[in-house]
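Listed below, chain by chain, are the residues.
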Amino acid sequence: MKFAKAAFGATLTALLIVGCGSDNASEQGAASTTAAAADQRSQDFDSHVLHFNAQPTADLQPEVAKQYGIVRSKNRAMLNISIVKKLPGSTGQPVPGDVTASASNLTGQLKTVSLREVKDGGAVYYIADLPVANGETLKFDILARPADYEGEAFQVSFTETFYSD
């Protein structure tokens, strides 16, 4: 069981760190940005970094998916979100927050995104899984406000296309 938890945490960490990039956030209203490059999966917001990723749930190990109640399928996607507070001289500290997400396909059809918080050791993740069709492109809109942050919520949008073949 400890191996499965460690594998899940390692899997999420690897998924969230892949292709980190940085754009500056808007200073008007909610801090916001759009992840332009397909491989950009993090956004710097001065004191924090927001990590995000979406992929088919079939990529998870079976025992890990079962432990966390995630259906493994090429026709399901998993959204992962993590907030990391910047700390000088370190990789940062994961922090909880108020995190919401929505998803829509290219025809504007909304997908239900029910995020749940997962704490694994010192890590804090927000995950959701949802159905996807082969070749479907989803636009994810994320709004996150770290619990230790007084400013405007962080806003990020990105797209991902899912293939089941």
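Check the entry above for the structure.
These numbers were taken from a predicted model, which means no experiment stands behind them.

Parameters at a glance
- Residues numbered from 1 in each chain as written.
- Predicted model: local features only at pLDDT ≥ 70, side-chain atom pairs only at ≥ 80, totals over all residues.
- Heavy atoms only, no water.
- Helix = DSSP H or I, 4+ residues; strand = E, 2+ residues; numbered from the N terminus.
- Salt bridge = Lys/Arg side-chain N within 4 Å of Asp/Glu carboxyl O.
- Buried < 20%, exposed > 50% of the residue type's maximum accessible area, 1.4 Å probe, protein only.
- Core = buried A, V, L, I, M, F, W, Y, C linked by side-chain atoms within 4.5 Å.
- Contact = heavy atoms within 4.5 Å.

**Q** Is there a simple way to think about the environment of Leu-106 in this case?
**A** Here Leu-106 shows up in the loop between β6 (97–105) and β7 (110–111). Separated by 53 residues in the primary sequence, Leu-106 and Thr-159 place their C-alpha atoms 9.9 Å from one another.

**Q** Mind showing me how you'd approach the pattern of salt bridges here?
**A** Going through the model one piece at a time under the given rule, you end up with 7 salt bridges. Across the pair Arg-41 and Glu-160 runs a salt bridge, and its minimum N-O distance is 2.3 Å. Note that Arg-41 is positioned in the loop between β1 (31–34) and β2 (42–45) and Glu-160 in strand β11 (residues 154–162), a separation of 119 residues in sequence. The two residues Arg-41 and Glu-160 agree in class, both being buried. Linking Asp-129 and Arg-76 is a salt bridge whose minimum nitrogen-to-oxygen distance equals 3.1 Å. Within this pair, whereas Asp-129 is found in strand β9 (residues 123–131), its partner Arg-76 is found in strand β4 (residues 76–85), the two being separated by 53 residues in sequence.

**Q** Can you help me understand the nonpolar core in this one?
**A** Looking at soluble globular proteins, one finds that nonpolar side chains tend to be buried together. With 26 residues, the main nonpolar core has Leu-50, Leu-79, Ile-81, Phe-140 and Ile-142 as its most contacted residues. Of all the secondary-structure elements, those providing two or more residues to this core are β3 (48–56), β4, β6, β9, β10 (136–146) and β11. Counting residues in hydrophobic clusters, the runner-up holds 10 residues, among them Ala-65, Tyr-68, Val-118 and Ile-127.

**Q** Is there a simple way to think about the environment of Ala-147 in this case?
**A** Structurally, the position occupied by Ala-147 is in the loop between β10 and β11. On a C-alpha basis, the gap between Ala-147 and Gly-97 in space is 4.4 Å, while along the polypeptide they are 50 residues apart. Each residue touching Ala-147, except ones within four places of it in the same chain, is listed here: Pro-96 and Gly-97.

**Q** Explanation requested: unusual backbone geometry in the structure shown.
**A** Outside of glycine, negative phi angles account for most residues, and trans bonds account for most peptide bonds. Positive phi, close to 60 degrees, is recorded for Asp-46, a residue that is not glycine. Here Asp-46 is to be found in the loop between β2 and β3.

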